[in-house]
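Each chain, written out:
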Amino acid sequence: MKKVGEPDPINPMQKEGETQSSQSHEYINIEADENLHETNNQDVNKDHSEGDNDEYHGEDNDGEDHAEEDEVLQKAKRQKTSLVWEDFVEVTLPGGQVKVQCVHCKKKLAKHKSGSTTTYGRHMKSCSKRKQFVRTQQLLNFQPVDVDVGSIKSPPLIGLDGKYDATKMRESIANWLLATEQPFTTVEDDMFVYMMKTANPMFERISRATIKSDCIKVYEHERKKLKGLINDASSVCLTTDCWKSSHQKIEYMVITRHFIDQNWRLQKRVLSFVHVPPPRTGLDIADGIYKCLKEWEVEAKIFSISVDNASYNDRAVSTLKKNFSKVKKLTCGGRLFHVRCCAHILNLLVKDGLSVIEDVIEEVREAVKYINHSESRRQSFSNVAQQLQVRDRKLLIDVPTRWNSTYDMLSLAIKFKDVFPRYADYEPHFQHLPTEQDWENVESVCEVLKVFKVCTNVISGSDYPTANLYLIEVYKVKETLDKGVTSESKFIRDMTKKMKEKFDKYWGECHLLMAIAAMLDPRLKKWVIEFCYPKIYSPNEASKNIQDVSKALELMYEEYLENHEALVKESASHRSGSSGGNTSSKANEESIGSGWDAFDEYLKDADVERPVKSELKMYLEEGVLQGHGGMNFNILEWWNTHRLKYRVLSKMAMDILAVPISTVASESTFSAGGRVIDPYRSTLAPTTVEMLICGGDWIRQIYGVKKKFKETPLEVLLPSGKQN
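Only a predicted model underlies this, so the values are computations on that prediction, with no experimental measurement involved.

A. Highlighting the environment of I260. Residue position: I260 is located in strand β5 (residues 251-260). Once the C-alpha coordinates of I260 and V236 are considered, the two residues, 24 residues apart in sequence, prove to be 9.9 Å apart. The residues contacting I260, other than those within four sequence positions of it, are R265, L266, L636, M654, L657 and A658.

B. Inspection of the pairing of strand β2 (residues 98-102) at higher detail. Counted residue by residue, β2 has 4 buried out of 5 residues, so it is predominantly covered. Two elements, β2 and strand β3 (residues 108-110), share 3 bridges in a ladder whose sense is antiparallel. When the sheet's bridge partners are listed, V100 is paired in β3 with L109. The antiparallel hairpin formed by β2 and β3 contains 5 residues in its connecting segment, where K106 sits at a positive phi of about 65°.

C. The sheet that holds β3, seen in detail. Taking strand neighbours across the sheet as the criterion, the 3 strands line up as β1-β2-β3 in an open arrangement whose pairing is antiparallel. In the strand order of this sheet, the two ends are held by β1 (88-92) and β3, each with one partner. Put simply, the sheet's adjacent strands are angled 40° from each other on average, direction ignored. Here 5 bridges tie β1 to β2, and the two strands are oriented antiparallel to one another. Each residue of the ladder has a partner; that of F88, found in β2, is C102.

D. Main features of the environment of H258. Mapped onto the secondary structure, H258 falls in strand β5. Put simply, H258 and V270 are 12 residues apart on the chain and 8.9 Å apart in space, counted from C-alpha to C-alpha. Beyond its immediate sequence surroundings of up to four residues, H258 is in contact with C237, L238, T239, Q267, K268, A658, P660 and A665. A polar atom in the side chain of H258 sits 3.1 Å from the side chain of T239.

About the cut-offs
Residues numbered from 1 in each chain as written. Predicted model: local features only at pLDDT ≥ 70, side-chain atom pairs only at ≥ 80, totals over all residues. Heavy atoms only, no water. Helix = DSSP H or I, 4+ residues; strand = E, 2+ residues; numbered from the N terminus. Contact = heavy atoms within 4.5 Å. Buried < 20%, exposed > 50% of the residue type's maximum accessible area, 1.4 Å probe, protein only. Pairing = 2+ DSSP bridges. Axes fitted to C-alpha atoms, helices over the stretch in contact; angles between N-to-C directions. Polar contact = N/O pair within 3.5 Å; in protein donor to acceptor, adjacent residues only side chain to side chain.

Here it is as structure tokens:
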């Protein structure tokens, strides 16, 4: 069947210039008027040229003119109106015989002089390739996460009866509205309706109430699908955080689920975005999380909860841990249940470091703002930079709440430290001038924060990297702080001493999850803790923590091995029970004396026997994977490739590597909430807000749409050419 927007099938018998359909003239009036105008001009030009030719050729041209006129009259044919011609075309065989060919199976049928299409209709009903084509067109076009948006085909808008399906169009609009966070009133905008009618003349205007109802239907449909996907996963890893809407003046709590799917791809989905009534306490947070898990029917699969370091979160996680431990056995005795946000800890450390140059940061920020105030100031500053042979042409105005943008602003401004005082000579009102000592302090701080920025980019990456990458970065941070406290500069010693105290406060205890995840990286294994721990802890603490991690890893493997053996026994008993009831007497007679029954029973028992050497020992004793350092190594792909070799250990790796070690995913949802609850939509009900936030997240994941959630710093580009 022909899709909407595709050109009509070309008729092999059609001659060049012949029009196959007049529908375009019926719907697109502007195009029809233009074609008519061009035709009239061509007719006028043709008349003049033919008159000139008559003067030169006389009567010799009369016969040709009549022949051309007869040919044009012969081209006119009655238009084909039957729907079967969407699946058939006329073809001419080498012998000149005209046949009708199916565009799907290429079968050729006789062409009837009477114009009857009954035979073609019967073939349409029996053509297997056409049936397969129709089934493909009817499928809902929900694509995997990694699909290219440009290759997505929209749901067919033309049904099998050849009629336009308005519900499919409304479904597409609802998906678009959720994914792009558009208000419901968008569909009532006159220019939106004009655009849609231009693209599709059969489009009918819809109201905000109708599109809201359609969005709710899409939300419920996707929720049902996601529920099945989540139930298939082995564990539940959550991140949660709270946020206050500046327009509604109420607080929301977001709960995001992280998991690795059956194709070993890291996934995340927003499960809940609910209003938290005051007062917000740890018990309120715990009740909200448990209610969400109960609604999704995954309370028995809880593995970990990642939160920031707020005191009410500690109370909430402690309450949930006690409740869940009574219902199920938590992994590793619950030591992996509470995960603190590493990005939040790094922010606290950096905040202490930047506080010592807070006044200088404000001076640099105001200086860049002053220069960016007008084009003439930017040009004047650029001229001074060229005179001093400074080749850089960019400054930055940071986002004060994001320290990494502040670092970028300072690192760029340092390159112009000689330009600022010279620029002040040309601009008497420019008074934001850091001293030479201030610039030296800025350089020292940037040298320390450079390591923190690399670590933050890994932890807070937009692709949410797996937990195996963090330990090696944290070690580098600790090494930098240790060097700082022994620096010759008193300024650096005082700054890093304050940061190191906070580092020891949060990472003084062994971060078990981070260590186990790193050991499950085939490039690191047990060598990573033997390399990093002596640099992070004292010699006695390092030795103790290495033993602690090794014991915890073995204990966790034993738990997964017991679960695996239980599943194998259950599967074996189920097979034996079902096969016993379905085996015929003839099959039993054939197997008597062959030995296959006895051998099958032996295999069932041998399959559940433990091997001499465990998978964990085999994995750790093998050499590390070398030559694949850095962020480009795909650890999930490696475990997917080796899952048959490590049947138990791969399941353990799937659960561990899915644990998020930061709450960045929740913070990005708050950015979406700020756009959805804008000043014009501050009266939205909390249930509607949840539908828009969750539904938008699910649709974007389906179609692979990415949105930029973070505020970006303002770039100040300096002119390159000198102007007088």
